[in-house]
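# A look at the structure
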Amino acid sequence: MVFVSGKGIVLREPSVVAKNVSTGEIVAVGEEARSMIGRTPGSIVTIRPMKDGVIADYDTTAAMMKHYIKSSLGSSTSKPLVMVCVPSGVTEVEQRAVIDATRMAGAKDAYIITEPFAAAIGAGLPVFDPAGSMVIDIGGGTTDVATISLGGIVSSRSIRLAGDRLDDNIISYIRKHYNLLIGERTAETIKMEIGSASIERAKEMAGMSIRGRDLVSGLPKTIEISAEDVSIAIQEVIEGIIEAVKETLEETSPEISADVIDQGIVLTGGGALLKHLAEVISDATKVPVFQAEAPLDCVAIGTGKALENIGNFKKQG
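Only a predicted model underlies this, so the values are computations on that prediction, with no experimental measurement involved.

## Some details on the pattern of salt bridges
- Within this structure, the stated rule accounts for 13 salt bridges.
- Arg-201 is the partner of Glu-279 in a salt bridge, and the nearest nitrogen-oxygen pair spans 2.4 Å. Remark: Arg-201 occurs in helix H7 (residues 199-202) and Glu-279 occurs in helix H11 (residues 277-285); sequence separation between them is 78 residues.
- Across the pair Lys-221 and Asp-214 runs a salt bridge whose closest N-O atoms are separated by 3.4 Å.
- With a relative accessible area of 34%, Lys-221 lands in the partly exposed category.
- We classify Asp-214 as buried; its relative accessible area is 11%.
- It is possible to trace a salt-bridge network through shared partners that takes in Glu-31, Arg-34 and Glu-188.

Written as structure tokens, this is what we have:
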């Protein structure tokens, strides 16, 4: 997602790149590349150059960022100042890789901000006040949990259990229990349509028909899957997120804990859209949990606002 000062969010694309393996040429980026997942000939591979929130393929990440910067700025030839969001648990080496890749992609200068802090700004939380706020940002690769006060992170956890792992768990469960192989896109559709964080609530929900390849016969097959099955498949991730929330709260001072109980915990990121997640986390922690107004946009909006007020942020790296 790209936020341009004065324009707001101008671009929303998945971080997927399609590459020709023999020539090294980039064939497609973003939505166009994602539509190719599982459908490419042997000469083309679809890759996610940023895995679990960090750079897995440096050159491809830089090429992808260059494409998005160019798409966002249109005909402008000036080099922009760019702020990039990173998970709260990244190392200094990983931070440096992000800054270098951004400069290589055509940025005049690059800054970084942690995801939970950006999400809190984007959700409208009073991050610079002497009051505690808590945010859970569930992205594609990582879930970041943090308590924030006076413009800084007080305690945080970054775990590699998030949207992509939910999809992987759904694929594994269906393969194991139904002998059916499904792709990433099908798993994501299942998660969005009938995924629920609560097994009990899932029992009341309708199921759906899914298509894949039968692992016994090798032929295409359609089956009916229940919402309860999907909920059981993703429980490992839900439990991991709850554990990270509890650990973050345990490290927090009594004053900030009191503020969090008053204000509640804010859910942001694409994972916040998972049905019944706020209720499940609230039941487990005994703290009110609510979804941000535009959970998908919070991180991008917060990053944009931070860049507009760059004087308040120290350059890292």
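Once the structure has been displayed, the description carries forward.
## Some words on the domain arrangement of the protein chain
- The domain architecture assigned to the protein chain consists of domain 1 (2-116 + 300-314), domain 2 (127-161 + 235-291) and domain 3 (163-234).
- One C-alpha centre belongs to domain 1, the other to domain 2, and the line joining them spans 26 Å.
- At the junction of the two partners, domain 1 supplies 11 residues and domain 2 supplies 13 residues.
- Roughly 870 Å² is buried in total at the junction of domain 1 and domain 2, and carbon and sulfur atoms are behind 56% of that figure.
- The tally of links between domain 1 and domain 2 comes to zero salt bridges.
- Between the two partners, domain 1 and domain 2, sit one residue pair in polar contact (both at pLDDT 80 or more).

## Brief notes about the UniProt feature "binding site: ATP" (unreviewed entry) in the protein chain
- Residues given the UniProt feature "binding site: ATP" (unreviewed entry) here are Gly-140, Gly-141, Thr-142, Glu-188, Thr-189, Ile-190, Lys-191, Gly-270, Gly-271, Ala-272 and Leu-273.
- On the accessibility criterion, Gly-141 (13% relative accessible area) is buried.
- Positionally, Ala-272 belongs in the loop between strand E16 (265-268) and H11.
- With sequence-adjacent residues up to four places away left out, Ala-272 is seen in contact with Ile-138, Leu-267, Leu-277, Gln-291 and Pro-295.

## Concerning the pairing of strand E15 (residues 220-225)
- Where strand E14 (residues 208-214) lies against E15, six bridges are found, and the strand directions are antiparallel. Note that in E15 the partner of Met-208 across the bridge is Ile-225.

Conventions adopted
Residues numbered from 1 in each chain as written. Predicted model: local features only at pLDDT ≥ 70, side-chain atom pairs only at ≥ 80, totals over all residues. Heavy atoms only, no water. Salt bridge = Lys/Arg side-chain N within 4 Å of Asp/Glu carboxyl O. Helix = DSSP H or I, 4+ residues; strand = E, 2+ residues; numbered from the N terminus. Buried < 20%, exposed > 50% of the residue type's maximum accessible area, 1.4 Å probe, protein only. Domains from an automatic or database assignment. Contact = heavy atoms within 4.5 Å. Buried area = accessible area lost by both parts, 1.4 Å probe. Polar contact = N/O pair within 3.5 Å; in protein donor to acceptor, adjacent residues only side chain to side chain. UniProt positions renumbered as here; feature names shortened; annotations may be inferred. Pairing = 2+ DSSP bridges.

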